[in-house]
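Now for the letters of each chain:
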Amino acid sequence: MSVDSTETFRGLPVSHTDFTSYTEIYEHYRRLDADREAARFQFNDTTERGFFMLQRYDDVQRGFQQHATWTTAVRSALNPGIGEPLLPQDLNGSAHQKLRKILNQFFSPVAIRRMEPQARARCIELIEELRPAGRCDFVQEFAIRFPTDLFLSILGLPTSDGEKFVVWSEEFFAAMLSGDMSTATVAKKNIMDYFTEAVNERRAHPGDPDVDMVSRLVQADIDGEALSHDDILTILLTLMLAGLDTTRSALGYIFTHLAQHPEDRQRLIDEPEMVPKAMEEFLRLYPLVFQAGREVQEDGEFDGLQLAKGDVVWIGIAQANRDPRKYDDPDTFDMDRHGASTHLAFGGGPHRCLGMHLARMGIKVVLEEWHPRIPDYRISDGVELTERGGQLTLPTLPLEWEA
Ligand code: HEM
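Overview of the structure. (Residues numbered from 1 in each chain as written. Predicted model: local features only at pLDDT ≥ 70, side-chain atom pairs only at ≥ 80, totals over all residues. Heavy atoms only, no water.)

### Thoughts on the state of the cysteines
Counted according to the given criterion, the structure contains 0 disulfides. The cysteine C123 is free of any disulfide, with C136 supplying the nearest cysteine sulfur at 12 Å. (Disulfide = S-S within 2.5 Å.)

Right, dumping it as structure tokens:
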């Protein structure tokens, strides 16, 4: 583990830090902080291709702007070979812009505000289902279910399908992270059949394309050419993969923090107007997508770092969010922090998260609706929390309260 100061690669210190294993909770942030402080730029040799790490806030922010020559031909520095196509991620340049333009309208602040009452009602229903038991696995029983229902309603599909959908998407995502899609063939077929049915239904009975995303995708064209059926399915699959695990994971870290810090929880109950600020600070402190990958398309230099065509770059989101050069006392939660929303948890540049307003709305609604109903909760005794590397998540978070 960690940086070897005697070994160099193209003049850079070599890091052997593994960011892909299951560890105790918060261990990845410790490793990320340690690497950032060991050297500004370094080469990590734990993957077949290795990767060049940008880790300081200013470098990471500028890294996201190198899109003319660094592309998403590699999406994750940790897993450059993921074969599964994704849209819009896999596009770059003007083709990417054109597809984003079609999708952006469904994820704009206005569109998301329109969804909020429905999201709130569903959130309350789920909490009320759990409340009488006095305990739940927050991650398994709530944090994944709520974003799944939001996702289905954005597509205009019934939330009653949420239960079966959660199982398929979990299996599919786990297989993708492990790099072995053969373990998810049944899940993939179920998901694709489900989406195909939804798309065919909209072809036969189009809804209002201004508010119904599938209807819009079916009718959309780019430069006069309709989106293919396969592209539409890929877009839907991408939204599922990008939106469900991330929101679940964010909620897992936030509720772990609140269960362990009753004073912060109490403040959110006493001053609900602090929820948006607290949420930005949570997103800064607990980023789940802790890196984005890019592939260098032509030889060049990044502020003294020499890069060659084909190199893999690590854009260190979590390291930027916890960079002491940018934030005072960066590893501490500070609800009153000025400028917390300058965090890079949603990335930057043209590939910045399409679903960030949806994610924010979902988290805000949960914080606002959970606490009036279950104000006082704790992590069950004897539980040792762990986290998954690659893209952070808590596999489980058992909570208890007085029913
Ligand atoms: C807390 C929750 C979330 C976090 C932390 C997050 C984080 C990110 C990050 C860091 C990126 C940029 C990746 C890169 O530059 O390569 C990204 C892209 C993306 N996200 Fe999110 N995301 C979240 C929720 C969502 C949701 C709810 C959706 C939609 C349902 C979504 C859809 C997308 C899509 C489609 C992209 C690719 C955008 C593009 O390439 O143009 N995300 N997300």
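### What to know about the site of the ligand
Of all residues adjacent to the ligand, which total 27 residues, the nearest are H96, R100, R294, H351 and C353. Within the side chain of H96, a nitrogen or oxygen atom sits 2.6 Å from an oxygen atom of the ligand. Between A242 and the ligand, the recorded distance is 3.5 Å, taken from a backbone N or O atom to a nitrogen atom. Those elements that place two or more of their residues in the shell around the ligand are α3 (93-107), α10 (229-260), β10 (292-296) and α14 (356-373). Partitioned by chemical class, the residues of the shell around the ligand number 17 nonpolar, 8 polar and 2 charged. (Near = heavy atom within 4 Å. Polar contact = N/O pair within 3.5 Å; in protein donor to acceptor, adjacent residues only side chain to side chain. Helix = DSSP H or I, 4+ residues; strand = E, 2+ residues; numbered from the N terminus. Nonpolar A, V, L, I, M, F, W, Y, C, P; charged D, E, K, R; others polar.)

### Observations regarding the packing of α10 against α14
Two elements in contact, α10 and α14, have axes whose closest approach is 11 Å; the angle formed by their N-to-C orientations is 35°. Pair α10 / α14 crosses with right-handed handedness. Along the contact surface, α10 presents T247, A250, L251, I254, F255 and L258, while α14 presents A359, I363, V366, L367, W370 and H371. Looking at side-chain class alone, the contact of α10 with α14 contains 10 nonpolar, 2 polar and no charged residues. (Axes fitted to C-alpha atoms, helices over the stretch in contact; angles between N-to-C directions. Left-handed = near helix turned anticlockwise from the far one by under 90°. Contact = heavy atoms within 4.5 Å.)

### Looking at the coordination of the iron atom of the ligand
Inspection of the coordination sphere of the iron atom of the ligand shows a single protein donor, C353 (SG), at 2.3 Å. Looking at where C353 falls in the secondary structure, it is placed in the loop between α13 (317-321) and α14. (Donors = N, O, S within 2.8 Å, 3.2 Å for Na, K, Ca; no water.)

### Remarks on the sheet that holds strand β7 (residues 135-137)
The 3 strands are arranged β7-β16-β14 in an open sheet whose pairing can be described as antiparallel. Here the strands that pair on one side only, and so sit at the sheet edges, are β7 and β14 (378-379). Direction of pairing for β7 relative to strand β16 (residues 398-400): antiparallel, over a ladder of 3 bridges. Looking at the pairing, D137 lines up with P398 of β16. (Pairing = 2+ DSSP bridges.)

### Here's the deal with the packing of aromatic side chains
The tally for this structure, following the rule as stated, stands at 33 aromatic pairs. With 6.4 Å between their ring centres and 45° between their planes, Y29 and Y286 make a pair best called tilted. One end of the pair, Y29, is in helix α1 (residues 27-38); the other, Y286, is in the loop between α12 (275-285) and β10, and 257 residues separate them in sequence. Taking relative accessible area as the criterion, Y29 reaches 2% and is therefore assigned buried. (Phe/Tyr/Trp six-rings, centres within 6.5 Å; stacked < 30°, edge-to-face > 60°. Buried < 20%, exposed > 50% of the residue type's maximum accessible area, 1.4 Å probe, protein only.)

### Structural notes on the environment of E387
Tracing the backbone shows E387 in strand β15 (residues 386-388). Its relative accessible area of 0% is what places E387 among the buried residues. Separated by 138 residues in sequence, E387 and S249 have C-alpha atoms that sit 9.7 Å apart. Here the side chain of E387 touches Y26 through a polar contact of 2.9 Å, landing on its backbone nitrogen. Of the polar contacts made by the side chain of E387, one reaches the backbone nitrogen of H28; its length is 2.8 Å.

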